[in-house]
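The chain contents come next:
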4 protein chains.
Amino acid sequence: MPDKKILIIERAVELFAKNGFESTSVQEITSACGISKGAFYLHFKSKESLLFSIFEMFIDRAIKKISNVFELEIAPKDKLELFLCIQFEEIDQYSDFILMLLREQTKPDDRELFVLMQKMDQHLNNALKTLLVEAYGEDINKHVADMTVIIKGIIKGYIELIVLSSQKFDFKKLANFLLPRIDSIVLGLTTPYLEEDSLLTICYKKTT
Amino acid sequence: MPDKKILIIERAVELFAKNGFESTSVQEITSACGISKGAFYLHFKSKESLLFSIFEMFIDRAIKKISNVFELEIAPKDKLELFLCIQFEEIDQYSDFILMLLREQTKPDDRELFVLMQKMDQHLNNALKTLLVEAYGEDINKHVADMTVIIKGIIKGYIELIVLSSQKFDFKKLANFLLPRIDSIVLGLTTPYLEEDSLLTICYKKTT
Amino acid sequence: MPDKKILIIERAVELFAKNGFESTSVQEITSACGISKGAFYLHFKSKESLLFSIFEMFIDRAIKKISNVFELEIAPKDKLELFLCIQFEEIDQYSDFILMLLREQTKPDDRELFVLMQKMDQHLNNALKTLLVEAYGEDINKHVADMTVIIKGIIKGYIELIVLSSQKFDFKKLANFLLPRIDSIVLGLTTPYLEEDSLLTICYKKTT
Amino acid sequence: MPDKKILIIERAVELFAKNGFESTSVQEITSACGISKGAFYLHFKSKESLLFSIFEMFIDRAIKKISNVFELEIAPKDKLELFLCIQFEEIDQYSDFILMLLREQTKPDDRELFVLMQKMDQHLNNALKTLLVEAYGEDINKHVADMTVIIKGIIKGYIELIVLSSQKFDFKKLANFLLPRIDSIVLGLTTPYLEEDSLLTICYKKTT
DNA sequence: AATGAATGAGGTTTCATTCAT
DNA sequence: GATGAATGAAACCTCATTCAT
């Protein structure tokens with residue numbers, strides 16, 4: 001990837017995060033990069049395709065980081081803790097942009113973005129499932145959907161706090177605090193609310 | 001409130017939910033209402049003030065519903081369960097619009113929207129705190145920040161599922177399922193991660 | 001003329017004077033009158049016809065005032081002095097509106113307004129001519145065009161000062177000061193610059 | 001200054017002169033220039049800033065012309081005559097636009113335009129004062145305010161004639177005709193009406 | 001007579017995108 | 001590769017005028 005393209009992506013991430021996708025003009029991006037408006041279109045077919053590229057890059061990073069966790073030879077619960085920690089770190093770093101992604105919906109024809117999002121989400125879910133089974137045994141399988149939703153929800157809860165407040169957080173300590181909470185929940189589980197495979201069958205709503 | 005104004009709000013909620021605030025034109029809204037562009041401005045000073053009105057209306061509804069819970073004479077844990085249930089119902093009904101609110105950032109000068117959001121959030125936090133103390137006693141106080149984040153996170157987790165999937169969910173059953181999970185967590189609590197009053201000191205980031 | 005119509009004219013004169021014709025909306029006028037927008041159109045065919053009415057009224061006033069001067073039985077030079085004085089008084093009272101009339105050109109199809117303006121101007125010129133002949137004898141006739149332009153110019157010069165400054169001026173004293181200046185000029189006249197009837201042949205430019 | 005920008009200014013001067021500022025749309029200007037509406041905003045931040053640019057350009061021209069008079073080594077009265085002549089020439093060329101400037105009031109926040117107008121006016125007043133003192137000696141000083149108002153008034157009187165009629169005028173001859181009139185007035189002066197420095201203390205009215 | 005909701009043309013401005021240089 | 005002038009569609013908003021009540 002050419003330097004110029006990377007430059008554009010970096011500046012765009014900042015601007016999209018700060019002002020939102022729709023409210024950031026190509027002019028602003030190219031000005032921030034010190035290049036001409038025309039140069040933008042040498043690297044990206046459209047403003048939307050830039051968003052796609054950013055998203056893609058971002059997902060690649062996340063997937064790579066998660067893979068790293070699985071390659072480590074440590075105790076299952078330590079892996080789970082590390083997973084939580086990485087989520088916090090990663091999202092903290094790109095929190096503004098992530099918020100933007102959550103906020104903006106862009107055009108109705110960005111089916112491709114949804115595909116990417118689903119791909120990313122599936123990947124996260126699978127990783128979490130594997131970690132849960134490693135940590136709590138095969139019995140967790142029938143609770144895996146609920147536990148995924150709960151854990152991801154708790155992560156999001158703290159992430160929102162992190163994003164909205166301006167303090168610095170100790171993610172290692174936070175992950176270490178959350179693991180016993182997850183333990184508690186798992187221990188108390190009886191009848192699941194969600195079906196085991198309900199997360200697989202989710203179809204992201206069309207936005208026509 | 002005049003019928004026409006209500007009509008505009010209803011249609012706008014749908015359109016904003018579907019396409020986002022920035023991507024929905026006043027033209028689209030008025031077309032959907034079967035009125036002229038000019039008529040819009042009889043009821044709202046600007047497109048942004050419409051967003052504000054919607055938000056206001058939405059918050060009023062939510063606060064009223066929560067108040068109703070507190071007025072009931074039922075067991076504390078039942079109140080908590082009812083609170084969860086109401087959150088799911090309410091948010092389910094306006095899920096798309098809520099997603100939009102999360103997504104869009106609108107203009108940098110909408111300080112007023114942030115004030116409303118903070119007001120709403122404070123209200124929710126207070127309600128939850130009261131319910132937790134009623135249900136688990138004064139000892140929960142030092143864990144109240146963590147428990148608030150965790151419970152709101154879990155709610156959000158399931159809500160995202162509800163919003164993104166097209167299935168119907170049984171909110172009563174879901175609330176009934178979650179209460180024991182919360183019990184488990186509370187029972188297992190030892191040292192808090194967050195300070196007791198850390199939620200009060202959050203200052204919503206400026207978006208200059 | 002119905003009270004309501006007079007009320008509208010009065011308020012409109014103020015608003016036009018303050019903000020200009022184009023920048024004053026019918027809404028503003030009716031609000032200032034405490035009547036409905038519809039009521040406006042009961043009295044005036046259009047916003048432009050209101051301007052016409054105002055103008056008409058204004059000219060009637062001026063012509064009447066000038067007539068009064070001629071009916072007085074005083075020395076010719078005193079008449080001239082009184083004429084100057086009345087010009088200052090009248091224009092001072094409606095200075096803002098007059099400025100507006102000078103400033104705004106409104107639509108290209110307001111031929112009628114120009115006709116009125118010409119009528120008014122002719123009337124002033126005739127009055128001035130009569131006064132000059134009375135005061136300086138028939139010999140002034142061949143200088144009457146120049147003297148008209150010069151006197152009206154001087155009046156305008158002081159009026160501009162009056163309008164732009166916020167001080168109060170003593171118009172009687174001013175007229176009394178100007179009369180000797182006019183005397184001086186008349187005394188010094190040799191060859192006219194303008195032809196005697198050049199003011200009659202002026203055709204207000206078309207503004208198509 | 002780019003050709004396109006000059007083109008826009010030239011056409012705009014004509015259109016503003018013909019129809020007024022408020023009544024001339026950006027669309028009309030760009031159509032007259034044979035460019036797109038967007039192109040306009042490449043050169044001017046807004047329609048109002050165009051007016052400002054025009055005004056600025058116009059004032060620069062006038063000040064430069066006046067400076068030229070002072071640099072000439074000719075008799076003081078000839079300078080005064082030349083000054084009058086230049087005023088007529090200059091204003092004749094841009095008469096329509098000047099009328100528009102007098103007519104329109106534009107927005108209440110155009111303080112900057114007023115500053116420019118005042119600057120221009122002060123410059124004219126100073127030039128005239130210098131010329132009067134050179135031509136009539138220091139004794140004229142106590143009459144300088146009155147003479148300024150009178151001379152500018154007379155200029156305006158003839159200019160209005162020039163602007164409104166469609167004839168061509170011989171400005172040299174006109175200036176030559178007016179100089180003796182000024183002589184007459186100066187000779188006859190006794191007690192001034194205005195204080196010596198009353199023109200300096202004029203504060204252009206606010207247009208809130 | 002009086003209202004004021006409704007209209008819709010037209011205003012200024014923005015901005016993604018193209019293309020000759 | 002790189003530029004930036006040019007485009008023109010589309011955005012938000014205003015306002016003179018009409019008309020059912």
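Residues numbered from 1 in each chain as written. Chains lettered and ligands numbered in written order. Predicted model: local features only at pLDDT ≥ 70, side-chain atom pairs only at ≥ 80, totals over all residues. Heavy atoms only, no water.

Looking only at helices and strands, chain A has nine helices and zero strands in total. Listed by position from the N terminus, the elements making up chain A come as α-α-α-α-α-α-α-α-α. Buried residues in chain A amount to 53% of all 208 residues. Excluding contacts between residues fewer than 6 apart, the proportion of contacts in chain A whose partners are at least 24 apart in sequence is 75%. Per element, the accessible surface of chain A, about 9,900 Å² overall, is 54% carbon and sulfur. (Helix = DSSP H or I, 4+ residues; strand = E, 2+ residues; numbered from the N terminus. Buried < 20%, exposed > 50% of the residue type's maximum accessible area, 1.4 Å probe, protein only. Contact = heavy atoms within 4.5 Å. Areas by Shrake-Rupley, 256 points an atom, 1.4 Å probe, with all protein chains shown as cover.)

Okay, the environment of K37 of chain A next. Relative to the elements of secondary structure, K37 of chain A occurs in helix α3 (residues 37–43). Dropping the residues within four chain positions of it, K37 of chain A is found in contact with V26, Q27 and T30 of chain A.

Bringing the side chain of K79 of chain B into the picture now. All names here are of chain B. In this fold, K79 is placed in helix α5 (residues 76–93). Judged by its relative accessible area of 9%, K79 is buried. In terms of polar contacts, K79 uses its side chain to reach the side chain of E134, at 3.5 Å. Leave out the neighbours within four places in its chain, and K79 touches V69, F70, L72, I74, L131 and E134. (Polar contact = N/O pair within 3.5 Å; in protein donor to acceptor, adjacent residues only side chain to side chain.)

Interface size, as often reported, equals the accessible area lost upon joining of the parts. All names here are of chain A. Here chain A is described as being made up of domain 1 (1–44) and domain 2 (47–201). Each side of the interface is counted separately: domain 1 has 14 residues, and domain 2 has 16 residues. Roughly 1,400 Å² is buried in total at the junction of domain 1 and domain 2, and carbon and sulfur atoms are behind 75% of that figure. Remark: the boundary between domain 1 and domain 2 carries zero salt bridges. For the interface between domain 1 and domain 2, the tally reads two residue pairs in polar contact (both at pLDDT 80 or more). Of all elements in the fold, only α1 (3–19) and α2 (26–33) reach the threshold of two or more residues within the side of domain 1 that touches domain 2. Among the elements that take part in the side of domain 1 that touches domain 2, α1 stands out by supplying six residues, more than any other. Class assignment for the residues of the side of domain 1 that touches domain 2 results in 11 nonpolar, two polar and one charged. (Domains from an automatic or database assignment. Buried area = accessible area lost by both parts, 1.4 Å probe. Salt bridge = Lys/Arg side-chain N within 4 Å of Asp/Glu carboxyl O. Nonpolar A, V, L, I, M, F, W, Y, C, P; charged D, E, K, R; others polar.)

Before going further, it helps to spend a moment on the protein's contact with DNA strand F. With respect to spatial proximity, 28 residues lie near DNA strand F, and among them Y41 and K47 of chain B, V26 of chain C together with K4 and S36 of chain D are the closest. For DNA strand F, the fraction of atoms within 4 Å of the protein that belong to sugar or phosphate moieties is 59%. Between S36 of chain A and DNA strand F, the recorded distance is 3.1 Å, taken from a side-chain N or O atom to a phosphate oxygen. Within the side chain of Y41 of chain C, an N or O atom sits 3.1 Å from a phosphate oxygen of DNA strand F. Only α3 of chain A, α3 (37–43) of chain B, α3 (37–43) of chain C together with α3 (37–43) of chain D provide two or more residues apiece to the surface near DNA strand F. (Near = heavy atom within 4 Å.)

Residues and elements named next belong to chain C. Summed over the entire model, instances satisfying the criterion amount to 28 salt bridges over all chains. K77 is the salt-bridge partner of D183, the closest N and O atoms lying 2.8 Å from each other. Of this pair, D183 sits in helix α9 (residues 171–188) while K77 is found in helix α5 (residues 76–93), placing the two residues 106 residues apart along the sequence. The class for K77 is partly exposed, based on a relative accessible area of 30%.

Now for the UniProt feature "domain: HTH tetR-type" (unreviewed entry) in chain A. The positions UniProt marks with the feature "domain: HTH tetR-type" (unreviewed entry) are residues 2–62 of chain A. Taken end to end, residues 2–62 of chain A is 79% helix and 0% strand, and its two terminal C-alpha atoms sit 22 Å from one another. (UniProt positions renumbered as here; feature names shortened; annotations may be inferred.)

Time to look at the environment of E196 of chain C. Residue and element names in this part refer to chain C. Turning to its location among the elements, E196 is positioned in the segment after α9. Overall, the relative accessible area of 42% leaves E196 in the partly exposed class. Along the chain, E196 and I140 lie 56 residues apart, while their C-alpha atoms are 9.9 Å from each other. With residues near it in sequence (within four places) discarded, E196 still touches N141, K142, V144 and A145.

Surveying the vicinity of DNA strand E reveals 28 residues, the closest of which are V26 of chain A, K4 and S36 of chain B together with V26 and Y41 of chain D. The share of sugar and phosphate among atoms of DNA strand E within 4 Å of the protein is 56%. One nitrogen or oxygen atom from the side chain of K37 of chain A is found 3.1 Å from a base oxygen belonging to DNA strand E. With respect to DNA strand E, the side chain of K4 of chain C contributes an N or O atom lying 3.2 Å from a phosphate oxygen. For the surface near DNA strand E, the secondary structure elements donating two or more residues are α3 of chain A, α3 of chain B, α3 of chain C together with α3 of chain D. Ranked by the residues each element gives to the surface near DNA strand E, the list is headed by α3 of chain B, at five residues. Taken together, the residues of the surface near DNA strand E break down into nine nonpolar, 11 polar and eight charged.

Attention now moves to the UniProt feature "DNA-binding region" (unreviewed entry) in chain A. Mapped onto this structure's residue numbering, the UniProt feature "DNA-binding region" (unreviewed entry) falls at residues 25–44 of chain A. Span residues 25–44 of chain A is 75% helix and 0% strand, its end C-alpha atoms 14 Å apart.

All names here are of chain D. In the contact formed by helix α1 (residues 3–19) and helix α4 (residues 47–71), the axes pass within 10 Å of each other and the chain directions differ by 95 degrees. Here α4 runs roughly perpendicular to α1, going by the angle between their axes. For the pair formed by α1 and α4, the contact residues are I8, I9, A12, V13 and F16 on the first element and K47, L50, L51, S53, I54 and M57 on the second. Here the contact of α1 with α4 is composed, by residue class, of nine nonpolar, one polar and one charged. (Axes fitted to C-alpha atoms, helices over the stretch in contact; angles between N-to-C directions. Parallel < 35°, antiparallel > 145°, perpendicular 65-115°, else oblique.)

Further remarks concern helix α9 (residues 171–188) of chain A. All names here are of chain A. Helix length check: α9 (18 residues) gives 26 Å between terminal C-alpha atoms against 26 Å at 1.5 Å per residue, within 8%. Buried residues of α9: F171, L174, A175, F177, L178, L179, R181, I182, S184, I185 and V186, and no others. Where α9 starts, the residue carrying a side-chain oxygen 3.1 Å from the main-chain nitrogen of K172 turns out to be D170. (Expected span 1.5 Å × (residues − 1).)

Below, the discussion takes up the packing of aromatic side chains. Inspection of the entire model under this criterion finds 24 aromatic pairs over all chains. Taking 5.0 Å as the distance between ring centres and 70 degrees as the angle between the ring planes, the aromatic pair formed by F40 of chain A and Y41 of chain A counts as edge-to-face. Taking relative accessible area as the criterion, Y41 of chain A reaches 44% and is therefore assigned partly exposed. A connected cluster of aromatic rings, assembled from ring pairs, spans F40, Y41 and F44 of chain A. In this structure, K47 of chain B packs its charged tip against the face of F21 of chain B, placed 4.6 Å from the ring centre. Lying over the aromatic face of F177 of chain C, R181 of chain C brings its terminal NZ or CZ to 4.8 Å of the ring centre. (Phe/Tyr/Trp six-rings, centres within 6.5 Å; stacked < 30°, edge-to-face > 60°. Lys NZ or Arg CZ within 6 Å of the ring centre and 35° of its normal.)

With that settled, consider the confidence of the model for chain A. Here chain A averages 86 in pLDDT, while 88% of its residues score no lower than 70. Here residues 204–208 of chain A is modelled with pLDDT under 50, and outside its nearest four sequence neighbours on either side it reaches 14 contacts, counting other chains as well. (pLDDT = per-residue confidence, 0-100.)

A separate point is the side chain of S184 of chain D. Mapped onto the elements of the fold, S184 of chain D is located in helix α9 (residues 171–188). In contact with S184 of chain D, not counting residues within four places along its chain, are S184, I185 and G188 of chain C.

We now examine the packing of α5 of chain B against helix α9 (residues 171–188) of chain B. Residue and element names in this part refer to chain B. It is at 9 Å that the axes of α5 and α9 come closest, and there the two elements cross at 130 degrees. One element, α5, and the other, α9, form an angle in the oblique class. Crossing handedness for the pair α5 and α9: right-handed. The segment α5 lies against α9, with K77, L80, E81, L84, C85, F88, E89 and D92 engaging F171, K172, L174, A175, N176, L178, L179, I182 and D183. (Left-handed = near helix turned anticlockwise from the far one by under 90°.)

So, on to α5 of chain B. Here α5 of chain B spans 26 Å end to end across 18 residues, near enough to the 26 Å set by a 1.5 Å rise per residue. Residues of α5 of chain B that are buried include every one of K79, L80, E81, F83, L84, C85, I86, Q87, F88, E90 and I91 of chain B, and no others.

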